[in-house]
Amino acid sequence: MPVKIKYALNACVFFFLVHIIFGFTLHASDAKVFRVGSYNVENLFDMHHDGTEYPGFVPDSEFGWDNEMLAIKAENISRVIADLGADVLALQEIESMSALNYLRGVLAEKGIDYPYGVITEQGNTAVRCALLSSFPIVEHKEIV
């Protein structure tokens, strides 16, 4: 009996989070399948020198991070995201909203549309966590 209760509680928590995050409630009669994914992109930096970059990702420095390298990195990341086929996607190690929007543009060229996206903003850090979604994000909160 405790196992059934555990799974029931997990399902209740999940549906509560879906309601809070996406602003809708799922009923058994109209439930749809959607895919949630997570991907650590391992340092997607933009081309703006903010002073928080890792040395190898300072734009146009001797380490080679330039527009061409950004395009290659975003293209490779977009292939993995396309294979995931997630409706909601958590991303780790994104430098900025600019980098996230660049990636969204590369994805859009492949016909992959994530109209909703948020990124953490607190703290002076080189990389952040982000969320892309095909569902509206009605509220988000950073946990420090």
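It should be emphasised that the depicted structure is a prediction, and the values quoted were computed from it without experimental measurement.

1. Focus on the pattern of salt bridges
Then step 1. A full pass over the atoms with the stated rule returns two salt bridges.
Then step 2. Put simply, Glu75 and Arg79 hold a salt bridge, and the shortest N to O gap is 3.6 Å. Taken together, the positions of Glu75 and Arg79, both in helix H2 (residues 67–84) and four residues apart, correspond to about one turn of that helix.
Then step 3. Classification of Arg79 as partly exposed rests on a relative accessible area of 47%.
Then step 4. It is possible to trace a salt-bridge network through shared partners that takes in Glu75, Arg79 and Lys110.

2. Remarks on the packing of aromatic side chains
Then step 1. Across all of its chains, the model carries four aromatic pairs by this definition.
Then step 2. Both rings, one in Phe34 and one in Phe135, keep their centres 5.4 Å apart while their planes meet at 80°; by these two values the pair is edge-to-face. In this pair, Phe34 sits in the loop between helix H1 (2–22) and strand E1 (36–44) while Phe135 sits in the segment after strand E4 (128–133), placing the two residues 101 residues apart along the sequence.
Then step 3. A relative accessible area of 22% places Phe135 in the partly exposed class.

Analysis parameters
- Residues numbered from 1 in each chain as written.
- Predicted model: local features only at pLDDT ≥ 70, side-chain atom pairs only at ≥ 80, totals over all residues.
- Heavy atoms only, no water.
- Salt bridge = Lys/Arg side-chain N within 4 Å of Asp/Glu carboxyl O.
- Helix = DSSP H or I, 4+ residues; strand = E, 2+ residues; numbered from the N terminus.
- Buried < 20%, exposed > 50% of the residue type's maximum accessible area, 1.4 Å probe, protein only.
- Phe/Tyr/Trp six-rings, centres within 6.5 Å; stacked < 30°, edge-to-face > 60°.

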